[in-house]
Amino acid sequence: MLLRFGVENHGSIASYQELQLTATALKDDDTGVMTAEGASADNARALRVLPVAGIYGANASGKSTVLRAIDFFVQAIAHSHSRMASRTGTPYDPYLLDAESRNKSSRYDADIVLGDTRYHYGFILDGKYILQEWLYSFDLTASRQARSVMFGRETSGEGAVEIVFPGKSLKGENKQIAKLVRPNSLFLSVAAQNAHPQITPIFEFFEQVVSRLNANLNEFFVVDQLTAYFALDEHRRDAALQFLRAADVGISSIDFSRIPFAEKDLQVLKGIEQLIRQHANMPEPEKGGMSSDLMKERVSVRLGRRGKDGEIYPIALDAESTGTQALLQVLGPVFAKLHAGGTILIDELNTALHPLVSRELIKLFQNPITNPGKAQLIFSTHDTNLLTGSLLRRDQVWFAEKDAQGCTHLYSLSDIKVRATDNIERGYLMGRFGATARGRPSNRAV
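None of the values given here were measured: they were computed from a predicted structure.

Q: Residues and numbers for the overall build of the chain, please.
A: Across its full length, the chain holds 12 helices and 18 strands. Across the 446 residues in the chain, those meeting the buried criterion constitute 50%. Here the contacts in the chain between residues at least 6 apart in sequence split such that 64% fall between residues at least 24 apart. For the chain, the exposed surface amounts to about 21,700 Å²; the carbon and sulfur share of it is 50%.

Take a look at the structure:
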């Protein structure tokens, strides 16, 4: 589970900002609040984790920047060793509206829970080198939380990398792996590439468990998503259909079938394959490549809708509305995370889904029964309807707002003097909490 994320000097974020996913002591409904599995009785309350966090803000306030910063952090971990040559430097996206920040290093860090251990991991980079990197651990089974430094790393201005392993908390071929670390690659990534037993699960959490969903529609991607998650899993398909009925989008069934490619489409695919093979200097396949049995058919998805006579009629996916297709595109990854656990990032939830559908989606994560994997959803939105009906706790509502210098500041509704019984939607629209065109809040707690 993700407990928090911090970032400094990224996009419109100049000073250090933090998104917290741990529950506060507010007396809001805690039905959906999760507890870290490995926490001892003394620590359980301190590690009450939120399944959902929503970020509000005016246009260009930086709420999307927060999600992009998380994605930047994850992608850097996933690819710093495998995709970047030693001469390419590091990814870098600093705040650009003052000369100092343009040349200043950027910081990214996060706290996660895996099993009975909390980890704090982070790094600092400047576009050329990974200047610092660190990993700490905390034993959740202990009555008193003590920090163990697993490793620390610094890179000099000349590119010399020094990695230290104080204590004995990180076991394995640490010094040998450290020799493989380039000035622009992360030790975490290098260690995972070399199958380090303690580091690999942390690497996999960020690489595989944190996912950012793209709201841009692609029919082939929607078909792939639906097929991968529901075609062979009847239990998942039933759960998805139950959700679709609750969301009242009129879908009664999802049917999968394979149909042959038209001859002209098959010829196009074979031509594309041939070009790829020539460009990559790949040998010809033994049985004709894409004309093999696997590529002679494509998956067809049809949605069943009930007609006036009570019968269910199949409707082709491309005949569905943009909103329905957007919903179906996120459905597969969402149900996979609900089952197995993980974190999903969705930018501008209101543009992808109808408000009523968004509410039902959030309820899936808030309900322990439909969220057995303890998955988490982080989204940005303009949809104030989600602020009504006690759908979200006050510590699940976040605001992004720019100051006079164009710097994004991130803060929670729980930092503001407001009661859970207040009309949160009305207060937000009136500018009481800031993060609108009306300006910053006057009663924000300091």
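Q: A description of the pattern of salt bridges should follow, citing residues and the corresponding values.
A: Per the counting criterion, the structure on display carries 16 salt bridges. With its nearest N and O atoms 2.8 Å apart, the salt bridge here joins Glu133 to Arg153. Linking Glu133 in strand E8 (residues 130-139) with Arg153 in strand E9 (residues 147-155), this pair joins segments that are 20 residues apart in sequence. The class for Glu133 is buried, based on a relative accessible area of 1%. Residue class for Arg153 comes out buried when judged on its relative accessible area of 3%. Three or more residues are tied together by salt bridges with common partners; here these are Arg4, Glu18, Arg107, Asp109, Asp111 and Arg118.

Q: Tell me about the packing of aromatic side chains, residues and numbers included.
A: Centre-to-centre distance and the angle between the planes together describe a pair of aromatic rings. Here the structure, examined in full by the defined rule, presents 17 aromatic pairs. Here the aromatic rings of Tyr121 and Phe206 are separated by 6.4 Å at their centres, their planes lie at 40 degrees, and the arrangement is tilted. Of this pair, Tyr121 sits in strand E7 (residues 117-125) while Phe206 sits in helix H5 (residues 199-209), and the two are 85 residues apart along the sequence. Using a relative accessible area of 2% as the deciding quantity, one classes Phe206 as buried. Geometrically, the ring pair formed by Phe243 and Phe335 is edge-to-face, given 6.2 Å between the ring centres and 70 degrees between the ring planes. Linking Phe243 in helix H7 (residues 234-246) with Phe335 in helix H9 (residues 322-340), this pair joins segments that are 92 residues apart in sequence. Accessibility assignment for this pair places Phe243 and Phe335 in one class, buried. Pairwise contacts between aromatic rings join Phe5, Phe72, Phe73, Tyr108, Tyr121, Phe123, Phe205 and Phe206 into one cluster. One Lys or Arg, Arg118, reaches over the ring of Phe138 and ends 4.0 Å from the middle of that ring.

Q: Tell me about the sheet that holds strand E5 (residues 52-56), and please be specific about residues and values.
A: Sheet architecture is open: six strands sit in the order E11-E15-E16-E5-E17-E18, paired in mixed fashion. At either margin of the open sheet sits one strand with a lone partner, and together these are strand E11 (210-213) and strand E18 (408-412). Going across the sheet, the axis of each strand differs from the next one's by a mean of 20 degrees, ignoring polarity. Of the pairings in the sheet, the one linking E5 to strand E17 (residues 397-402) comprises three bridges and is parallel in character. Bridged to Tyr56 within E17 is Phe399.

Q: If you had to explain the pairing of strand E6 (residues 106-114) to someone new, which residues and values would you point to?
A: Of all the nine residues making up E6, seven are buried; the element is thus mostly covered by neighbouring parts of the structure. Two elements, strand E1 (residues 2-8) and E6, share six bridges in a ladder whose sense is antiparallel. Bridge assignment links Arg4 to a residue of E6, and that residue is Asp111. Of the pairings in the sheet, the one linking E6 to E7 comprises nine bridges and is antiparallel in character. Bridge pairing links Arg107 to Ile124 in E7. Joining the antiparallel neighbours E6 and E7 is a turn of two residues, in which Gly115 adopts a positive phi near 65 degrees.

Q: Explain the pairing of strand E16 (residues 376-380) residue by residue, including any values.
A: Judged by how many residues are buried, E16 sits mostly within the fold: five of five residues are covered. Because side chains alternate across E16, one face comprises the buried residues Gln376, Ile378 and Ser380, and the other comprises Leu377 and Phe379, equally buried.

Q: So what's going on with the sheet that holds strand E2 (residues 17-20)? Which residues, and what values?
A: What the seven strands build is an open sheet, ordered E2-E1-E6-E7-E8-E9-E10; its pairing is antiparallel. At either end of the open sheet lies a strand with only one pairing partner, and these are E2 and strand E10 (161-164). Neighbour-to-neighbour, the strand axes of this sheet turn through a mean angle of 10 degrees, independent of strand direction. Judged from the four bridges that link them, E9 and E10 form a sheet pairing that is antiparallel. The residue bridging Gly152 from the neighbouring strand is Val164, located in E10.

Q: So what's going on with the side chain of Ser412? Residues and values would help.
A: Tracing the chain through its elements places Ser412 in strand E18. On the basis of relative accessibility, which here comes to 2%, the residue Ser412 falls in the buried class. When neighbours within four sequence positions are excluded, Ser412 is seen to be in contact with Arg394, Asp395, Val397 and Trp398.

Q: Run through the side chain of Asn371, naming residues and quoting values.
A: Within the secondary structure layout, Asn371 lies in the loop between helix H11 (355-366) and E16. A polar contact of 3.0 Å, which involves the side chain of Asn371, links it to the backbone oxygen of Phe365. Once residues within four sequence positions are removed from consideration, Asn371 is found in contact with Met34, Pro51, Leu338, Leu364 and Phe365.

Q: I'd like a rundown of H11, residues and numbers included.
A: Here H11 spans 16 Å end to end across 12 residues, near enough to the 16 Å set by a 1.5 Å rise per residue. Summarising burial for H11: nine of the 12 residues are buried, a large majority. Listing the buried residues of H11 in full gives Val357, Ser358, Arg359, Glu360, Leu361, Ile362, Leu364, Phe365 and Gln366.

Q: Pulling in residues and values, what's your account of unusual backbone geometry?
A: One non-glycine residue with positive phi stands out, namely Ala60, at about 65 degrees. Residue placement: Ala60 occurs in the loop between E5 and helix H1 (63-79). The class for Ala60 is exposed, based on a relative accessible area of 60%. In the Ramachandran plot, Ser390 falls in the positive-phi region, its phi being about 55 degrees despite a non-glycine side chain. The topology assignment puts Ser390 in the loop between E16 and E17.

Calculation notes
Residues numbered from 1 in each chain as written. Predicted model: local features only at pLDDT ≥ 70, side-chain atom pairs only at ≥ 80, totals over all residues. Heavy atoms only, no water. Helix = DSSP H or I, 4+ residues; strand = E, 2+ residues; numbered from the N terminus. Buried < 20%, exposed > 50% of the residue type's maximum accessible area, 1.4 Å probe, protein only. Contact = heavy atoms within 4.5 Å. Areas by Shrake-Rupley, 256 points an atom, 1.4 Å probe, with all protein chains shown as cover. Salt bridge = Lys/Arg side-chain N within 4 Å of Asp/Glu carboxyl O. Phe/Tyr/Trp six-rings, centres within 6.5 Å; stacked < 30°, edge-to-face > 60°. Lys NZ or Arg CZ within 6 Å of the ring centre and 35° of its normal. Pairing = 2+ DSSP bridges. Axes fitted to C-alpha atoms, helices over the stretch in contact; angles between N-to-C directions. Polar contact = N/O pair within 3.5 Å; in protein donor to acceptor, adjacent residues only side chain to side chain. Expected span 1.5 Å × (residues − 1).

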